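Chain and residue survey
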Amino acid sequence: MESTAALNRALLPPNTRPLSSSFSNGSLSALGFCCRTPSGPHLNQSKRMVVTRASVAVETKLAVIRIGTRGRDQLMEVDQEHCLNVQIGRKSHNYGTSSPLALAQAYETRAKLIATHTELAEEGAIEIVVIKTTGDAILNKPLADIGGKGLFTKEIDDALLNSEVDIAVHSMKDVPTYLPEKTILPCNLPREDVRDAFISLTASSLAELPAGSTVGTTSLRRKSQLLHKYPLLKVVENFRGNVQTRLKKLHNKEVQGTLLALAGLKRLNMTENVSSILSIDEMLPAVAQGAIGIACRSDDDKMANYLASLNHEETRLAVACERAFLLTLDGSCRTPIAGYARRDEDGNCIFRGLVASPDGKQVLETSRKGPFAFEDMILMGKDAGQELLSRAGSGFFDS
């Protein structure tokens, strides 16, 4: 046992330490911010979380900002420079189910905070807290079957409300259209590429896949648009796991192709895997795809000011427009919905929205154009949603 512990200590970088944590029924009950060093991490232990210091840990100093982000309860090695996470102590070639992308987004947030506020570059000023979420814990069922929206945010929001973290970093497309009471989301970082990427070992595009080929995706939005354009393809719906896990399934020939958000691949420096990039006309993106949102408690002026300094207003307005559309449609993981707002060359807002039947046989689209201003864009999103609700009629999403 001692040799295993020694190996673990050798593999872990000096600024990463696992802390024990207790979870029940997928909810967070403790975060373990004790500064004492654990007696020795063991790779076969379950139910733990990882706290990554922004620099070499100083055990007696409290962090100025604790960043909450999602992940699984397992030991990971963190490469801070490249924002990559390599799991250790698991079976050979098993990438597991942590969320390297979520950590990459947390590191991006940390880097922007340090660049904007030099005092946060001080040793131990920022701490990254990895929190197990329900969505990360349950991987053998489609998201729609285990509760849909909020699966990747609830436990992080609970930690925020319990003052166990100071800010919460989310992929905006995971965030429900409502926010928990006593929290605000005042910050969106600059948006990454919103398009979807096609990845295959045998075809350079969806059009090149032979009839009957299987495409893996967890997204009903992608499934419906895919089947609408390529009805002879088949879709494997419960294609869950992080980016690395899905690529492993592809290499194991479980499917002939898959679709992933290009934004995530860029943040993970994994675009070399892309066979082709789908245009907006080919595949309208998910609401808020490519956007990172950062929340804090509504009574925490200090954190709100930090986040205000990072906010990218163009992204915030575009995401607000798209989320107004989604809210009007009362969208969930059971409803194929897509929406995208952008600023055109004349400075106006161009919004496109789409709803589809799950089988892809029916697709309804609409668009709006108006001033790139908050109130106008909220109205555009709502109006577009009301139009599609009226056109769809009852039972549209049941086919």
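Cut-offs applied
Residues numbered from 1 in each chain as written. Predicted model: local features only at pLDDT ≥ 70, side-chain atom pairs only at ≥ 80, totals over all residues. Heavy atoms only, no water. UniProt positions renumbered as here; feature names shortened; annotations may be inferred. Core = buried A, V, L, I, M, F, W, Y, C linked by side-chain atoms within 4.5 Å. Buried < 20%, exposed > 50% of the residue type's maximum accessible area, 1.4 Å probe, protein only. Helix = DSSP H or I, 4+ residues; strand = E, 2+ residues; numbered from the N terminus. Contact = heavy atoms within 4.5 Å. Phe/Tyr/Trp six-rings, centres within 6.5 Å; stacked < 30°, edge-to-face > 60°. Lys NZ or Arg CZ within 6 Å of the ring centre and 35° of its normal. Pairing = 2+ DSSP bridges. Arc of directions from axis to C-beta. Axes fitted to C-alpha atoms, helices over the stretch in contact; angles between N-to-C directions.

An unreviewed UniProt entry lists the chain under the name Porphobilinogen deaminase, chloroplastic, with Escallonia rubra as the source organism. Per UniProt, the chain carries the Subcellular location (unreviewed entry) text "Plastid, Chloroplast". Listed under Cofactor (unreviewed entry) in UniProt, the entry text for the chain is "dipyrromethane".

For the rest of this paragraph, the subject is the nonpolar core. In terms of nonpolar packing, the biggest core is built from 34 residues, with Met172, Phe325, Cys349, Val355 and Met377 touching the most fellow members. Every element with two or more residues in this core is listed here: β8 (126-132), α4 (154-161), α9 (313-329), β17 (337-343), β18 (348-356) and α10 (374-392). Per-element accounting of this core gives the leading share, seven residues, to α9. Residue contacts for Met172: discarding those within four places in its chain leaves Leu185, Asn188, Ala288, Ala291, Ile292, Gly293, Val319 and Arg323. Counting 23 residues, the second-largest nonpolar core is a separate cluster that includes Ile67, Leu103, Ile167 and Ile294.

Counted according to the given criterion, the structure contains one aromatic pair. A cation over an aromatic ring shows up here: Lys249 above the ring of Phe239, its NZ or CZ 5.3 Å from the ring centre. Across from the ring centre of Phe372, 4.1 Å away, lies the NZ or CZ of Arg343, which sits over that ring.

Our next topic: the pairing of strand β11 (residues 196-199). Here β11 shows no split at all, with Asp196 and Phe198 on one side and Ala197 and Ile199 on the other all buried. Alignment of β11 against strand β14 (residues 257-261), held across four bridges, turns out to be antiparallel. Within β14, the residue paired with Asp196 across the bridge is Ala261. Of the strand pairs in this sheet, β11 and strand β15 (residues 276-277) are connected by two bridges, and their pairing is antiparallel. Opposite Phe198, over in β15, you have Ser276 as the bridge partner.

The next point concerns helix α8 (residues 301-308). Within the sequence span of α8, burial applies to Met303, Ala304, Tyr306 and Leu307. For α8, the angular spread of the buried residues around the axis is 160°, confining them to a single face. Every exposed residue of α8 that faces more than 90 degrees away from the buried side is listed here: Asp301 and Asn305. Considering only its buried residues, α8 is in contact with β5 (65-71), α2 (100-116), β9 (167-171), β10 (183-188) and β16 (292-297).

Our next topic: the sheet that holds β17. Ordered by their spatial adjacency, three strands build an open sheet running β17-β18-β19, and the pairing between neighbours is antiparallel. Across the chains shown, the open sheet's two edge strands, defined by having one partner strand only, are β17 and β19 (363-371). Along the sheet, successive strands turn relative to each other by an average axial angle of 10°, direction set aside. In the sheet, β18 pairs with β19 via nine bridges, with the strands oriented antiparallel. Looking at the pairing, Cys349 lines up with Gly370 of β19. Running over the sheet, helix α5 (residues 220-229) touches β17, β18 and β19 and is turned about 95° from β17.

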